[in-house]
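Listed below, chain by chain, are the residues.
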Amino acid sequence: MTTPAGSGAGFGSVSWWGLSPALDLQEESPAVHLDTDAARAAPELDVLLLGSVDGRHLLRTLARAARWPRRRFNFYMLEHNLEAVARHMLLFSLALEDPEKMGLQERSETFLEVWGNALLRAPVAAFVRAQAARLALLVPEPDRLARELPWLRLCALKFRERDALEAVFRFWSGGERGPEAFPVGRLWDARVRHYLGSRYDARRGVSDWDLRMKLHDRGALVIHTQEFRRWRDTGVAFELRDSSVYHVPNRTLASGRLLTHRGERVAARGYWGDIATGPFVAFGIEADDQSLLQTRNGQPVKTAGEITQHNLTEVLRELASWGRPGAAQGDPEDEQPEPEGSSKQRTSGDPAREPFALHFLPLGSAHALHHKGCYQGRFQLLYVACGMVNLLGPELGACVAPGGNLVVESARFLVDLRLEQLQAFAARVGELAEAAGFTPCATAGPAETFARFTKPRAAGSGPPPQSPSLGAPSVGCATPAPSATALSPRSDHAHSKPASHARVGADPEPQCPSLTSNGGSGDQEPPARF
């Protein structure tokens, strides 16, 4: 969308945070009664996520796993760029940090700042550098990676993608010149000037209008004017300390882009993410504790930043109590403490016993997954973010098991879109889902933030089949930039399912897939290097 006053491109070409509240993916997956063979076998849940970007759905799912029958999770992630993959790795390693090394409050505050702030405090920036240096050493060493991060699977990535991923971590670790390598303050201001055009001098009025007339009207009532203005001006969404201590650029928000300069295509590093909505929606507009959402004299008693911090702290607390990786959920007598310094204690156990695994797929592989027999009919749940809806088609539909579900994020919280554009987006999502072989789910009301579909079973068929064993996935690369458009209205977390249900399962975790015969090299340009 373009306006006479500015670009209207507030969403950007790279997503760093989600535009919808976090979901428990077990609630979204198809149910099976506990007295079935699949439930007694403690089945696995295989989920394919396109563009989840910040891992909020995964964290919420893992945090709430103790409320459901025991099972193992396989999350298959397909992102738009390798910087998003690197952020997943960094944020998950932080969320799963040993409580003896980093306390709950410190972890939650560090997570918030790395995830949603353009500027960091010096101690947080030092943590990012140290973790990035560690991850840069682990990426090229699969054996060591499997020992230290047994929940992570990079096997499907091509060699050139792993090299580029290592380069991203090297940049984060501060290998290049200081703040000049990523002057995020200047880059942020340049984006805002381009976005607002002639309205730049009235940017505070524009900010108030977007907040009150768009985000508030669409359900994000707890976002406070002051915190929204501060984020629009500086990129700092969560100010947990005095504002003067936020001065180190957050390099995890840097990404590359090919630009035309004097007739030539050149690679440029900059900030190409969201400058319109902010990271408040993912954890900050809903809460299990309804007292956090109360209003007095028409004003919320808590800001979106405070609610985000509370919700994230609870997620990390539940995640730690449910069982960190390596503490596979079995009989209590099996969970004996290991001698200090033992190899089992250092490596957190066999990767096969991990309660979950994150599998990262090659960039741009959405339309090629169905060519691999290991992915055909494998997934019980498919999640598609609004920026990757253009990838939804029969190819992805073939990867979902009969009876499986599809959840599509709407563009409800994209402030650049008008009502008619949201309605057009909703209609387009319905068309794409139907073409992919899905039918709308019967719900109690209209869907505002997510559209839900299911894949019909063949007439006379029984429960959805178990997933096939995993073969050797390795597919090409190049995802288009996010498309902006959204869905029609509905309350999204009101469809809870009884605790007497488990979910459809899959076969045991297969071995890590091998790469293509050419060593992962394809016919496409490698990611931009700087």
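Attention here is on the structure that accompanies the text. (Residues numbered from 1 in each chain as written. Predicted model: local features only at pLDDT ≥ 70, side-chain atom pairs only at ≥ 80, totals over all residues. Heavy atoms only, no water.)

**With respect to the overall build of the protein**
Note the following rule: Only runs of H or I of at least four residues qualify as helices and only runs of E of at least two qualify as strands under DSSP, and these elements are numbered from the N terminus. When accessible area is computed with a 1.4 Å probe and restricted to protein chains, residues below 20% of their type maximum are described as buried, those above 50% as exposed, and intermediate ones as partly exposed. When checking whether two residues touch, look at their non-hydrogen atoms; a contact exists if any pair is within 4.5 Å. For accessible areas, the Shrake-Rupley method is used with a probe of radius 1.4 Å. Any residue's cover is judged against the shown protein chains and nothing else.
Across its full length, the protein holds 16 helices and 16 strands. Within the protein, buried positions represent 55% of all 530 residues. Taking as baseline every contact in the protein between residues at least 6 positions apart, the subset at least 24 positions apart corresponds to 82%. Total accessible area on the protein stands at roughly 21800 Å², and carbon and sulfur atoms take up 51% of it.

**Thoughts on the pattern of salt bridges**
What counts here: Note on definitions: salt bridges are taken to be side-chain nitrogens of Lys or Arg within 4 Å of carboxyl oxygens of Asp or Glu.
For the structure shown, the criterion picks out 22 salt bridges. Between D288 and R64 there is a salt bridge, with its nearest N and O atoms 2.6 Å apart. Residue D288 is located in the loop between α12 (281–284) and β9 (295–296), and its partner R64 is located in the loop between α3 (56–63) and β3 (72–78); the two are separated by 224 residues in the primary sequence. One salt bridge in this structure joins R67 and E318, with 3.0 Å as the shortest N-O distance. Separated by 251 residues along the polypeptide, R67 in the loop between α3 and β3 and E318 in helix α13 (residues 304–322) bring together distant segments of the chain. The class of E318 is partly exposed, set by a relative accessible area of 22%. Through salt bridges that share partners, D54, R56 and E409 make up one connected network.

**Some words on the environment of E306**
Of note, E306 is situated in helix α13. When its relative accessible area of 39% is taken as the criterion, E306 is described as partly exposed. Residues E306 and L292, 14 residues apart in the sequence, show an inter-C-alpha distance of 8.9 Å.

**Quick word on the nonpolar core**
Inclusion rule: Joining through side-chain atoms within 4.5 Å is the link that ties buried Ala, Val, Leu, Ile, Met, Phe, Trp, Tyr and Cys residues into a set, and such a set is a nonpolar core.
Ranked by internal contacts, the top residues of the largest apolar core, which has 109 residues, are F75, M89, L165 and F169. Looking at which element gives the most residues to this core, the answer is helix α4 (residues 82–95), with 9 residues. Other than its neighbours up to four places away in sequence, F169 contacts A86, M89, A132, L135, A136 and V139. Counting residues in hydrophobic clusters, the runner-up holds 37 residues, among them C386, V389, F425 and F438.

**Thoughts on the packing of helix α5 (residues 104–116) against helix α6 (residues 122–138)**
What counts here: Convention adopted: a line fitted to C-alpha atoms gives each axis, helices being fitted over their contacting stretch, and angles between N-to-C directions are expressed from 0 to 180 degrees. Roughly parallel refers to an angle under 35 degrees, roughly antiparallel to one over 145, roughly perpendicular to one between 65 and 115, and oblique to any angle outside these ranges. Charged means Asp, Glu, Lys or Arg here, nonpolar means Ala, Val, Leu, Ile, Met, Phe, Trp, Tyr, Cys or Pro, and polar covers whatever is left, Gly included.
At a minimum axis distance of 10 Å, the contact between α5 and α6 shows a crossing angle of 80°. Comparing the axis directions of α5 and α6 gives the class roughly perpendicular. Only V124, F127 and V128 of α6 make contact with α5, whose side of the interface consists of T110, E113 and V114. Classifying every residue of the contact of α5 with α6 by side-chain character gives 4 nonpolar, 1 polar and 1 charged.

**Focus on α5**
For clarity, the threshold we go by: Working rule for helices: expected span equals 1.5 Å times residues minus one.
Spanning 13 residues, α5 covers 18 Å between terminal C-alpha atoms, matching the ideal 18 Å at 1.5 Å per step. Buried residues dominate α5, accounting for 10 of its 13 residues. Those residues of α5 that fall on the buried side of the exposure criterion are R107, S108, E109, T110, F111, L112, E113, V114, W115 and G116.

**What to know about the sheet that holds strand β11 (residues 356–360)**
For clarity, the cut-off: Strands were regarded as paired on the criterion that DSSP finds at least two bridges between them.
The 8 strands are arranged β5-β11-β3-β2-β12-β13-β15-β14 in an open sheet whose pairing can be described as mixed. Because the sheet does not close on itself, it has two edges, and the strands there are β5 (152–153) and β14 (439–440). Sheet analysis places β3 next to β11, joined by 5 bridges and oriented parallel. Looking at β11, one finds that N74 is bridged to A357. Running at roughly 175° to β3, α3 makes contact with β2 (44–50), β3, β11, β12 (379–384), β13 (400–409) and β15 (450–454) of the sheet. In the packing of α4 onto the sheet, contacts are made with β3, β5 and β11, and the angle to β11 comes to roughly 160°.

**A look at the packing of aromatic side chains**
To describe a pair of aromatic rings, you give the distance between the ring centres and the angle between the ring planes. As a reminder of what qualifies: Only rings of Phe, Tyr and Trp enter the pairing, Trp through its six-membered ring, and a pair is recorded when the two centres are within 6.5 Å. The plane angle decides the type: under 30 degrees is stacked, over 60 is edge-to-face, the rest tilted.
This structure, assessed with the given rule, holds 19 aromatic pairs. With a centroid separation of 6.3 Å and an interplanar angle of 70°, the aromatic rings of W17 and W231 are classed as edge-to-face. Note that W17 is positioned in the segment before α1 (25–28) and W231 in helix α11 (residues 225–234), a separation of 214 residues in sequence. Of the two residues, W17 and W231, neither departs from the other in class, the shared state being buried. On the numbers, 6.5 Å between centres and 50° between planes, the contact of F111 with W115 is tilted. On the criterion of helical spacing, the pair formed by F111 and W115 is a turn pair, its members being 4 residues apart in helix α5. Using a relative accessible area of 1% as the deciding quantity, one classes F111 as buried. On the basis of relative accessibility, which here comes to 1%, the residue W115 falls in the buried class.

**Brief notes about the side chain of H370**
Put simply, the test is: N or O atoms closer than or at 3.5 Å make up a polar contact, with two conditions inside protein: a donor-capable atom paired with an acceptor-capable one, and, for residues adjacent in sequence, both atoms drawn from side chains.
Relative to the helices and strands, H370 resides in the loop between β11 and β12. At 3.4 Å, the side chain of H370 forms a polar contact with the backbone oxygen of H367. For H370, the residues in contact, after removing those within four places along its chain, are Q376, E395, A398 and C399.

**Considerations on helix α16 (residues 419–435)**
Rule in force here: Arc, as used here, means the arc of the directions from the helix axis to the C-beta atoms.
With 17 residues, α16 ought to run about 24 Å at 1.5 Å a step, and its terminal C-alpha atoms sit 25 Å apart, in line with that. Among all positions in α16, only L422, F425, A426, V429, L432 and A433 are buried. Looking down the long axis of α16, one finds its buried residues gathered within 130° of arc, a one-sided arrangement. In α16, those exposed residues whose orientation departs by more than 90 degrees from the buried face are E434 and A435. Those residues of α16 that are buried lie in contact with β13 and β15. Among the residues trailing α16, G437 stands out with phi positive, at a value near 95°.

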